[in-house]
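# Structural features, examined
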Amino acid sequence: MSSHDRDLVRLEDISVRFAREDVLSHVSLTLHDDCITTLIGPNGAGKTTLVRVVLGLISPSQGSLWRSPGLRVGYMPQKLHIDRTMPLTVKRFLNIGLKPDSTTLETTLDQVGARHLLQHSFHDLSGGETQRVMLARALLRNPRLLVLDEPVQGVDVNGQTELYQLISAIREQRKCGILMISHDLHLVMSATDHVVCLNRHICCSGHPERVSNDPTFIELFGRSQAQAFALYNHHHDHRHDRLDAEPELLKSDTRQPPESTDA
Ligand SMILES: Nc1ncnc2c1ncn2[C@@H]1O[C@H](COP(=O)(O)OP(=O)(O)OP(=O)(O)O)[C@@H](O)[C@H]1O
């Protein structure tokens, strides 16, 4: 298989202009099977706009976009506005426009740890439960590309770590490509192969470690993110004498990001 066979989407020199203002300038990016790409950047950096270009919801003002023929995309939006007065169980929510058979529905809910929520009211779910159900909905399309716009929004810190672990597991099992937007590089570290740091253009990109050391990343996010990353990295890069004697302890320790979530 040539490396191009793994390509799902290729953006070449894309620019997007709204009201005579460039929101994206000269962005080139390739998304692959079995690869998690994370978009980070400050508010208004153009992350959602870039996602909307990938989804085909916005036509770029300049540049070219190639999508693998017949590409199935599962999309989890940042926000969903549903009228609370409308009674809506999780089962009904997952059936809207999709009509999965019951086995697929239950298997998918199992995968995201939400099968027990099937008959619950969608409106009464916690932040983490809502995100899991939304993820299930995106997965019901059996996507080759999964697009997640801030998947841990409204979820507490422990829940965020669990959700990122779940996203990693989904990629492992399904070998799909994943494009996600996040504000917390140190939290997504273990769930990311490729980071794109965006501020209306691509400031830097590559392996998370490389990006976190890039001066443009430090300039955009400040030292606190870079230091949080360094602390996280410390868990990964070192073998301490005490832990060398306790390999099981090391194994569980390496998956833990730092407590802080400050941006
Ligand atoms: N349809 C539109 N028309 C005009 N301006 C738009 C439109 N969509 C987005 N913008 C502007 O483009 C800029 C980038 O918006 P975008 O939502 O892509 O940023 P973002 O990086 O996702 O931000 P955030 O992190 O706050 O969600 C913002 O200044 C926004 O106001």
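In what follows, the accompanying structure is described. A quick note: this is a predicted structure, and the numbers were derived from the prediction, not measured.

## Brief notes about the overall build of the protein chain
In terms of regular secondary structure, the protein chain is built from ten helices and nine strands. Burial status across the protein chain gives 35% buried among its 263 residues. Sequence-distant contacts, at least 24 apart, represent 68% of the contacts inside the protein chain between residues at least 6 apart.

## Remarks on the sheet that holds strand β1 (residues 7-18)
With antiparallel pairing, three strands are arranged side by side in an open sheet as β2-β1-β4. Two strands lie at the open edges of the sheet, namely β2 (21-32) and β4 (62-67), each paired on one side alone. Put simply, the sheet's adjacent strands are angled 15° from each other on average, direction ignored. Here β1 runs beside β4; their pairing, made up of five bridges, is antiparallel. Counterpart to R10 in the pairing with β4 is W66. The sheet contacts of helix α1 (residues 47-54) involve β1, β2 and β4, and relative to β1 the element is tilted by about 125°.

## Quick look at helix α3 (residues 102-111)
Among the residues of α3, L105, T108 and L109 are the ones counted as buried. One face of α3 carries all of its buried residues, which in axial projection span an arc of 100°. For α3, the exposed residues lying more than 90 degrees away from the buried face are T103 and D110. On the buried face of α3, the contacting elements are α2 (90-95) and α4 (127-139). Downstream of α3 by a residue or two, G113 has a phi angle that is positive, lying close to 70°.

## A closer look at the pairing of strand β9 (residues 202-206)
Taken residue by residue, a regular strand's side chains alternate between the two faces of the sheet. Of the pairings in the sheet, the one linking strand β8 (residues 194-198) to β9 comprises four bridges and is antiparallel in character. The residue of β9 that forms the bridge with V195 is G206. Connecting β8 to the next strand, β9, in antiparallel fashion are three residues, including R200 with a positive phi near 75°.

## With respect to helix α5 (residues 157-174)
For α5, built from 18 residues, the straight-helix expectation of 26 Å at 1.5 Å per residue is met to within 8% by its first-to-last C-alpha distance of 26 Å. Those residues of α5 lying buried are Q160, T161, L163, Y164, I167 and I170. Elements that come into contact with the buried residues of α5 comprise α3, α4, β7 (177-181) and α6 (185-188). Directly beyond the C-terminal end of α5, a positive phi value near 55° is found at K175.

## A short note on the nonpolar core
By size, the foremost hydrophobic cluster in this structure holds 62 residues, and its most contacted members are L50, V133, A136, L145, V147, I178 and L179. A per-element tally of this core places α4 first, with six residues. Those residues in contact with L179 that lie beyond four places of it in its chain are L31, T37, V51, V54, L145 and V147.

## Some details on the sheet that holds β8
Taken in spatial order, the six strands make up an open sheet running β5-β6-β7-β3-β8-β9, and their pairing is mixed. Lying at the two open borders of the sheet, with one neighbouring strand each, are β5 (73-76) and β9. For this sheet, the mean angle separating the axes of adjacent strands, direction not counted, is 15°. With four bridges connecting them, strand β3 (residues 36-40) and β8 associate as parallel partners. The residue of β8 that forms the bridge with L39 is V196.

## Notes on the site of the ligand
Neighbouring residues of the ligand: F18, A19, V23, G41, N43, G44, A45, G46, K47, T48 and T49. Per element, the largest residue contribution to the shell around the ligand is three residues, and it comes from α1.

## What to know about unusual backbone geometry
In this structure, D34 takes a positive phi of about 55° despite not being glycine. At E150, a position not held by glycine, the phi torsion is positive, near 50°. Counting through the fold element by element, E150 comes out in the loop between β6 (145-149) and α5. On the neighbour-count criterion, E150 (20 C-beta atoms within 10 Å) is buried.

About the criteria used
- All residue numbers refer to position in the chain's written sequence, counted from 1.
- Two thresholds apply to this predicted model, a pLDDT of at least 70 for residue-level local features and 80 or more for giving and counting side-chain atom pairs, whereas whole-chain, interface and lining totals are computed over all residues.
- Working definition: helices are DSSP H or I runs of at least four residues, strands are E runs of at least two. Numbering for both runs from the N terminus.
- Remark: C-beta atoms are placed from the backbone, and a residue is labelled buried if 20 or more other C-beta atoms sit within 10 Å of its own, exposed if 12 or fewer do, or partly exposed between those counts.
- Residue pairs are scored as contacts if the distance between their C-beta atoms, which are placed from the backbone, is within 7 Å.
- Pairs of strands are assigned from DSSP output, requiring at least two bridges between the strands.
- Whenever a helix is involved, its axis is fitted only over the stretch in contact; in every case the axis is a line through C-alpha atoms, and angles between N-to-C directions fall within 0 to 180 degrees.
- Note: the arc covers the axis-to-C-beta directions of the helix.
- A helix is expected to span 1.5 Å for every residue after the first.
- Throughout this description, the term nonpolar core refers to a group of buried Ala, Val, Leu, Ile, Met, Phe, Trp, Tyr and Cys residues whose C-beta atoms join them within 7 Å.
- Only the C-beta atom matters for nearness: placed from the backbone, it must lie within 6 Å of the molecule or strand for the residue to count as near.

Remember that the coordinates give geometry; whether it matters functionally is a separate question.
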